[in-house]
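As a plain string of letters, each chain reads:
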Amino acid sequence: MNESDQPIAPGLYLVGTPIGNLEDITLRALRVLRSVDRIACEDTRQSQKLLNHFAISKPLISCHEFNEHERIGKLLDELRAGARIALITDAGMPGISDPGMGLAASAVAAGLAVYPIPGANAALTALVASGLSTERFRFEGFLPEKSGARRTALEALVASAEDPPPTLIFYEAPHRIVETLADLEAIFGAECRVALGRELTKLHEEFLRGTVAEVRAMLAEKDRIRGEMTLVVEGRRKELVASASTTVQGRISELALEGLDEKDALKRIARERDLSKSDVYRELQRERNKR
């Protein structure tokens, strides 16, 4: 009997699924999905499409961010009774900016067997094709939705950067990507190199590479920005960022030498940074509150 004919052991199987192209699922993942007693998934409708494509018929139970806590107890009871359960998300590896780590951590804490079944991952897929350093990298998931909090998070990454600084990887929504690039440019400098991967492994896969200013310009030429985004950013040394990025207060001081009062300076800065005047004013207040 070869390995593919042997029954799998009881336990929790964390199964990676395709991030776009269905051919990226592994033979091992298919064998596990066909062999388990049930499959816990992020969205039963989305997962059913995947199972139908590969002619797999297994009972599904939803396990997502809104019900994971209540599902954990039931699934742990089944695992203790010797069940074989697969956990999948809509795309990629469970627990990587997706549900799953709560169940996995609980199973480990309970002394139950947990088996990772490797598969596609958007962060690593974008990283290896970015043209940026892969020697050291740091995955940050999604940045905060609001600009002020996003800039604070980016500043914290600069402040905590090791030497040499790691390449950074973010996930971002298409309706926020232009604003995120603007904030990145303000904090990391216009010459910071980035690679933006869109619709990875899918029919319309696209990579935009260049400085953050260049990539912003490329996006500005598009009529509509669609698709899931993975943003890879070169690591920046603190002193390099400090020289490339000027605080709002610092820029106000520079413009004061040109005869502009604070109100007119804020208008100028808003135009320079492609932000609203209110966003610039909030940034100024945040700088002053740090003192």
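Our structure's up above, just so we're on the same page.
Source: prediction; values computed, not measured.

Definitions and limits used
Residues numbered from 1 in each chain as written. Predicted model: local features only at pLDDT ≥ 70, side-chain atom pairs only at ≥ 80, totals over all residues. Heavy atoms only, no water. Helix = DSSP H or I, 4+ residues; strand = E, 2+ residues; numbered from the N terminus. Buried < 20%, exposed > 50% of the residue type's maximum accessible area, 1.4 Å probe, protein only. Contact = heavy atoms within 4.5 Å. Areas by Shrake-Rupley, 256 points an atom, 1.4 Å probe, with all protein chains shown as cover. Arc of directions from axis to C-beta. Polar contact = N/O pair within 3.5 Å; in protein donor to acceptor, adjacent residues only side chain to side chain. Salt bridge = Lys/Arg side-chain N within 4 Å of Asp/Glu carboxyl O. Pairing = 2+ DSSP bridges. Axes fitted to C-alpha atoms, helices over the stretch in contact; angles between N-to-C directions. Core = buried A, V, L, I, M, F, W, Y, C linked by side-chain atoms within 4.5 Å. Phe/Tyr/Trp six-rings, centres within 6.5 Å; stacked < 30°, edge-to-face > 60°.

(A) Molecular detail of the overall build of the protein chain. In terms of regular secondary structure, the protein chain is built from 12 helices and 10 strands. Seen through its principal axes, the protein chain has C-alpha atoms that stretch 80 × 40 × 35 Å. Here the protein chain holds 291 residues, and the buried ones make up 47% of them. Pairs at least 24 residues apart make up 70% of the contacts formed inside the protein chain by residues separated by at least 6 positions. Carbon and sulfur atoms make up 50% of the accessible area of the protein chain, which amounts to about 15,100 Å² in all.

(B) Inspection of helix H2 (residues 44-53) at higher detail. Residues Ser-47, Leu-50 and Leu-51 constitute the buried set of H2. All buried residues of H2 lie within an arc of 95 degrees about the axis, which places them on one face of the element. Structural note: H2 exposes Arg-45, Lys-49, Asn-52 and His-53 on the side pointing more than 90 degrees away from its buried face. Capping the start of H2 is the job of one residue whose side-chain oxygen sits 2.9 Å from the backbone nitrogen of Arg-45: Asp-43. Looking one or two places after H2, you find Ala-55, whose phi comes out positive at around 55 degrees.

(C) Examining helix H11 (residues 262-272) more closely. For H11, the set of buried residues is Ala-265, Leu-266, Ile-269 and Ala-270. Relative to the axis of H11, the buried residues are bounded by an arc of 140 degrees and lie together on one face. Turned more than 90 degrees away from the buried face of H11, the exposed residues are Lys-263 and Arg-271.

(D) Local environment of the pattern of salt bridges. One pass over the structure, following the stated rule, counts 20 salt bridges. The salt bridge involving Glu-78 is made with Lys-74; its shortest N-O contact spans 3.4 Å. Linking Glu-78 with Lys-74, this pair stays in helix H3 (residues 68-80), spanning four residues, or about one helical turn. Here Arg-138 ties to Glu-140 by a salt bridge, and the two come within 2.5 Å at their closest N and O atoms. A residue is classified by how much of its surface remains accessible, and Arg-138, at 31% relative accessible area, is partly exposed. By relative accessible area, which is 28% here, Glu-140 ends up partly exposed. Each member of the salt-bridge network shares a partner with another, and the members are Arg-150, Arg-151, Glu-179 and Asp-183.

(E) Inspection of the sheet that holds strand S2 (residues 38-41) at higher detail. One open sheet holds the five strands; their spatial order is S3-S2-S4-S1-S5, and the pairing between them is parallel. The two strands at the open ends of the sheet, each matched to only one other strand, are strand S3 (60-62) and strand S5 (114-117). Adjacent strand axes in the sheet meet at a mean angle of 25 degrees, parallel and antiparallel pairs treated alike. Sitting on the sheet, H2 touches S2, S3 and strand S4 (84-88), and the angle it makes with S3 is about 150 degrees.

(F) Molecular detail of unusual backbone geometry. Positive phi outside glycine occurs at Ala-55, with the angle close to 55 degrees. Here Ala-55 shows up in the loop between H2 and S3. Residue Ala-55 is classed as exposed on the basis of its relative accessible area of 68%. Even without a glycine there, the phi angle at Glu-199 is positive, about 55 degrees.

(G) Highlighting the nonpolar core. Counting residues in hydrophobic clusters, the biggest one holds 21 residues, and the most contacted among them are Leu-184, Phe-188 and Val-233. Looking at this core element by element, the count peaks at five residues for helix H7 (residues 177-188). Residues Ile-25, Ala-29, Leu-51 and Phe-54 belong to the second largest nonpolar core, which totals 18 residues.

(H) Looking closely at the sheet that holds strand S8 (residues 193-198). Reading across from one edge, S6-S7-S10-S8-S9 is the order of the five strands in this open sheet, with mixed pairing throughout. Edge positions in the sheet fall to strand S6 (137-142) and strand S9 (206-211), since each of these pairs with one other strand and no more. Strand-to-strand twist across the sheet, computed as the mean angle between neighbouring axes with direction ignored, equals 15 degrees. As judged from the five bridges shared by S6 and strand S7 (residues 167-172), these two strands associate in the parallel manner. Opposite Gly-141, over in S7, you have Phe-170 as the bridge partner. Packing against the sheet, H7 makes contact with S7, S8 and strand S10 (229-233), and its axis sits at approximately 10 degrees to S10. On top of the sheet, helix H8 (residues 212-220) reaches S8 and S9; it is set at about 135 degrees to S9, its chief contact.

(I) Structural view of the packing of aromatic side chains. According to the stated counting rule, one finds three aromatic pairs in the structure shown. Measuring from ring centre to ring centre gives 4.7 Å for Tyr-13 and Tyr-115, while their planes differ by 25 degrees; the resulting arrangement is stacked. With a gap of 102 residues between them, Tyr-13 in strand S1 (residues 11-15) and Tyr-115 in strand S5 connect regions that are remote in the sequence. Among the residues examined, Tyr-115 registers a relative accessible area of 27% and is labelled partly exposed. Taking the centre distance of 5.0 Å and the plane angle of 65 degrees together, the rings of Phe-139 and Tyr-171 count as edge-to-face. In this pair, Phe-139 is assigned in strand S6 and Tyr-171 in strand S7, connecting sequence segments 32 residues apart.

Honestly, that's just the spatial picture; any functional story needs more than this.
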